[in-house]
Amino acid sequence: MDCNERILIDIEKLDESFEKVESIKLSQEEKEIIRRAENYKEDCKYYLEKGDELTSFGCITYAHGLVDAILLNHHIN
């Protein structure tokens, strides 16, 4: 699997995490965190299209961390 494929898989996994978040009653601060994670996902796709896989991977990794923190805080796996 090359880096490009790995990033595309990570985008799919992030979308699955976003679906889990939809079932949570979020505070205003948590909504802002999710908005930022969505922005990082869009940045990831932008950099991937530009061929900058390193920056793209960094963006998707950061987005995962933000969403995972929300899920962990609400005891959702």
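Details of the structure are given in the entry above.
The sections below set out a description of the structure shown in this document. (Residues numbered from 1 in each chain as written. Predicted model: local features only at pLDDT ≥ 70, side-chain atom pairs only at ≥ 80, totals over all residues. Heavy atoms only, no water.)

Per the secondary structure count, the protein includes three helices and zero strands. Moving toward the C terminus, one meets the helices and strands of the protein in the order α-α-α. What you see for the protein is a C-alpha radius of gyration of 13 Å, in line with the 11 Å of a compact globule of 77 residues. Considering only C-alpha atoms, the protein reaches an extent of 35 × 20 × 15 Å along its principal axes. With 77 residues in all, the protein has 31% of them scored as buried. Sequence-distant contacts in the protein: of pairs separated by 6 or more residues, those separated by 24 or more amount to 74%. Surface exposure of the protein reaches about 5300 Å², of which carbon and sulfur atoms provide 50%. Charge centroids of the protein, computed over 10 positive and 18 negative side chains, lie 5 Å from each other. (Helix = DSSP H or I, 4+ residues; strand = E, 2+ residues; numbered from the N terminus. Rg over C-alpha atoms; globule rule 2.2 N^0.38 Å. Buried < 20%, exposed > 50% of the residue type's maximum accessible area, 1.4 Å probe, protein only. Contact = heavy atoms within 4.5 Å. Areas by Shrake-Rupley, 256 points an atom, 1.4 Å probe, with all protein chains shown as cover. Lys, Arg positive; Asp, Glu negative; His and termini not counted. Charge placed at Lys NZ, Arg CZ, Asp CG, Glu CD.)

We now examine the nonpolar core. In a soluble, globular protein the nonpolar side chains are often hidden away together inside. Core analysis: the biggest nonpolar cluster contains 18 residues, and I34 and V67 have the highest contact counts within it. Mapped by element, the contributors of at least two residues to this core are helix 1 (3-21), helix 2 (28-49) and helix 3 (53-73). At seven residues, helix 3 tops the list of elements feeding residues into this core. Other than its neighbours up to four places away in sequence, I34 contacts F18, V21, L26, V67 and I70. (Core = buried A, V, L, I, M, F, W, Y, C linked by side-chain atoms within 4.5 Å.)

The next thing to look at is the packing of aromatic side chains. Considering all chains together, one arrives at two aromatic pairs under this definition. Ring geometry for Y46 and Y47: centres 5.2 Å apart, planes at 80°, overall edge-to-face. (Phe/Tyr/Trp six-rings, centres within 6.5 Å; stacked < 30°, edge-to-face > 60°.)

Any two packed helices are characterised by the angle at which their axes cross and by the distance between the axes. With their axes 8 Å apart at the nearest point, helix 2 and helix 3 run at an angle of 160° to one another. With respect to their mutual orientation, helix 2 and helix 3 come out roughly antiparallel. Helix-helix and strand crossings are classified by hand; for helix 2 and helix 3 the assignment is left-handed. Within the contact between the two elements, helix 2 uses E30, I33, I34, R36, A37, Y40, K41, D43, C44, Y47 and L48 and helix 3 uses E53, T55, S56, C59, I60, Y62, A63, L66, V67, I70 and N73. (Axes fitted to C-alpha atoms, helices over the stretch in contact; angles between N-to-C directions. Parallel < 35°, antiparallel > 145°, perpendicular 65-115°, else oblique. Left-handed = near helix turned anticlockwise from the far one by under 90°.)

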